[in-house]
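Next come the chains, spelled out residue by residue.
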Amino acid sequence: MRALVAAALLTLSPWLSHAQAPQAFDPAAPGRLTAFVYREVPAAATIKITPLDDSRENRRLAQAFERALERHGRKVDPRNAPLSLSFTTEVSQSGRPGPTTGTLGVIEGSRDEARVRLNLYSTTQDSLTQGPRRSDGGTPTVRYMLTAIVEDASGSRLWQASATLNGTPAEEQTAYAAMAGVIAEEFGKMVRQRSFRVE
């Protein structure tokens, strides 16, 4: 029995080490793309873009998808197409703000006495009147995620891609437009993992 378990572990060890190995983060290429083919996507088929959320931002992103797909030789028709590309977006915080420049005060105590010092007002440190101050390194980092799904007229899934990109809150529209471009570039292909950068 032990020999059987050992043999199984030896057989699986290359796969396990590959699956568990963390990928190094490259600041020059902070984006990641994976894509899976369920069925072949016809090269000449016309596509319509259908965002699952009809917000103003997603309507802009749908236009970015249309332009990117057309740049890569795909036909786009919003009214009459056998294939539809739907997408969803998600934002999550992936980094914490940097350290603050102080605290609201200090509590000192011993067995017999205690003293409290509070910062009532300060332009450089945390204070009761001005609130917390953040250092220059305190810009939060967010992770943008864009998932695109291609289905045929019957609702069968043909292809799915997921892209993630680390950035700052101010870069949202730029990040999603860049991810739409990368997804259009790899449209219909199997992609295990591809790094990309935002130009």
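Along each chain, residue indices are assigned from 1 in the same order as the chain's sequence is written. The model is predicted, so local features are restricted to residues of pLDDT at least 70 and side-chain atom pairs to those at 80 or more, both for listing and for counting; the totals for chains, interfaces and linings are taken over all residues. Hydrogens and waters are ignored; side-chain quantities use all the structure's heavy atoms.

### Re the side chain of serine 84
Selection rule: In this description a helix means any DSSP run of H or I spanning at least four residues, a strand means any run of E spanning at least two, and both kinds are numbered starting from the N terminus. The contact criterion used throughout is that any non-hydrogen atoms of two residues lie within 4.5 Å.
Here serine 84 lies in strand β3 (residues 83-93). Sequence-distant contacts of serine 84, defined by excluding residues within four places in its chain, comprise Lys48, Thr50, Ile149, Val150 and Glu151.

### Thoughts on the sheet that holds strand β6 (residues 142-151)
Worth spelling out the cut-off: We treat two strands as partners when DSSP finds at least two bridges between them. Comment: axis = line fitted to C-alpha atoms, over the contacting stretch for helices; angle = value between 0 and 180 degrees taken between N-to-C directions.
Taking strand neighbours across the sheet as the criterion, the six strands line up as β2-β3-β6-β7-β1-β8 in an open arrangement whose pairing is mixed. Looking at the sheet topology across the chains shown, the edges are occupied by β2 (47-49) and β8 (191-196). Averaged over all pairs of adjacent strands, the angle between their axes in this sheet comes to 20°, without regard to strand direction. Running over the sheet, helix α2 (residues 56-71) touches β2, β3 and β6 and is turned about 125° from β3.

### Observations concerning the confidence of the model for the chain
Condition: Looking at any residue, its pLDDT shows the predictor's confidence there, from 0 to 100.
Model confidence for the chain is summarised by a mean pLDDT of 77, while 62% of its residues fall at 70 or above. Taken element by element, the chain is modelled with least confidence in helix α1 (residues 2-20), mean pLDDT 39, and with most confidence in β2, mean pLDDT 96. This stretch, residues 1-25, has a pLDDT under 50; its non-local contacts, to residues over four places away or in other chains, come to seven contacts. Contacts of residues 97-101 to residues separated by more than four positions or lying in other chains number 15 contacts, the stretch itself having pLDDT below 50.

### Quick word on the pairing of β3
As paired elements, β2 and β3 share three bridges and run parallel to each other. Bridge pairing links isoleucine 47 to leucine 83 in β3. Direction of pairing for β3 relative to β6: antiparallel, over a ladder of ten bridges. Bridge assignment links threonine 89 to a residue of β6, and that residue is leucine 146.

### Re the side chain of glutamate 186
So the rule is basically this: Partly exposed describes any residue whose relative accessible area lies between the buried limit of under 20% and the exposed limit of over 50%, with all areas from a 1.4 Å probe on protein chains only and scaled to the type maximum. Contacts described as polar in this section are N or O atom pairs within 3.5 Å, which, within protein, must combine one atom able to donate a hydrogen with one able to accept it, while residues neighboring in sequence count only if both atoms come from side chains.
For glutamate 186, the position within the fold is in the loop between α3 (172-185) and β8. Residue glutamate 186 is classed as buried on the basis of its relative accessible area, which comes to 13%. Side-chain polar atoms of glutamate 186 contact the side chain of arginine 194, separated by 2.6 Å. Apart from the residues within four sequence positions on either side, glutamate 186 is in contact with Leu33, Trp159, Val191 and Arg194.

### Side note on the pattern of salt bridges
The condition that has to hold: For this analysis, a salt bridge means a side-chain nitrogen from Lys or Arg found within 4 Å of a carboxyl oxygen belonging to Asp or Glu.
If you walk through the whole model with that rule in mind, you get five salt bridges. Arginine 39 is the salt-bridge partner of aspartate 152, the closest N and O atoms lying 3.4 Å from each other. Taken as a pair, aspartate 152 in the loop between β6 and β7 (157-167) and arginine 39 in the loop between β1 (31-37) and β2 lie far apart in primary sequence, 113 residues in all. Among the residues examined, arginine 39 registers a relative accessible area of 43% and is labelled partly exposed. The partner of arginine 194 in a salt bridge is glutamate 186, with the nearest N and O atoms 2.6 Å apart. The class of arginine 194 is partly exposed, set by a relative accessible area of 22%. A single network of salt bridges, built from pairs that share partners, joins Glu185, Glu186, Lys189 and Arg194.

### Description of the packing of aromatic side chains
Filter applied, for reference: Each Phe, Tyr or Trp ring (for Trp, its six-membered ring) is paired with any other whose centre lies within 6.5 Å, and the angle between the two planes then decides the class: stacked below 30 degrees, edge-to-face above 60, tilted in between.
Counted under the stated rule, the structure contains four aromatic pairs. With a centroid separation of 5.1 Å and 55° between ring planes, the pair formed by tryptophan 159 and phenylalanine 187 is classed as tilted. Linking tryptophan 159 in strand β7 with phenylalanine 187 in the loop between α3 and β8, this pair joins segments that are 28 residues apart in sequence. The pair tryptophan 159 / phenylalanine 187 is uniform in exposure class, with both members buried.

### Thoughts on the nonpolar core
Inclusion rule: Residues enter a nonpolar core if they are buried and are Ala, Val, Leu, Ile, Met, Phe, Trp, Tyr or Cys, with the set joined through side-chain atoms within 4.5 Å.
Ranked by internal contacts, the top residues of the largest apolar core, which has 36 residues, are Ile49, Phe65, Leu85, Leu146, Trp159 and Ile183. Among the elements of the structure, β1, β2, α2, β3, β6, β7, α3 and β8 are those that each provide at least two residues to this core. Considering each element in turn, this core owes the most residues, seven residues, to α3. For leucine 85, the residues in contact, after removing those within four places along its chain, are Ile47, Lys48, Ile49, Thr50, Phe65, Leu69, Ala148, Ile149, Val150 and Phe187.

### Concerning the environment of phenylalanine 87
Within the secondary structure layout, phenylalanine 87 lies in strand β3. On the accessibility criterion, phenylalanine 87 (1% relative accessible area) is buried. Distance in space between the C-alpha atoms of phenylalanine 87 and leucine 146 is 7.0 Å, their sequence separation being 59 residues.

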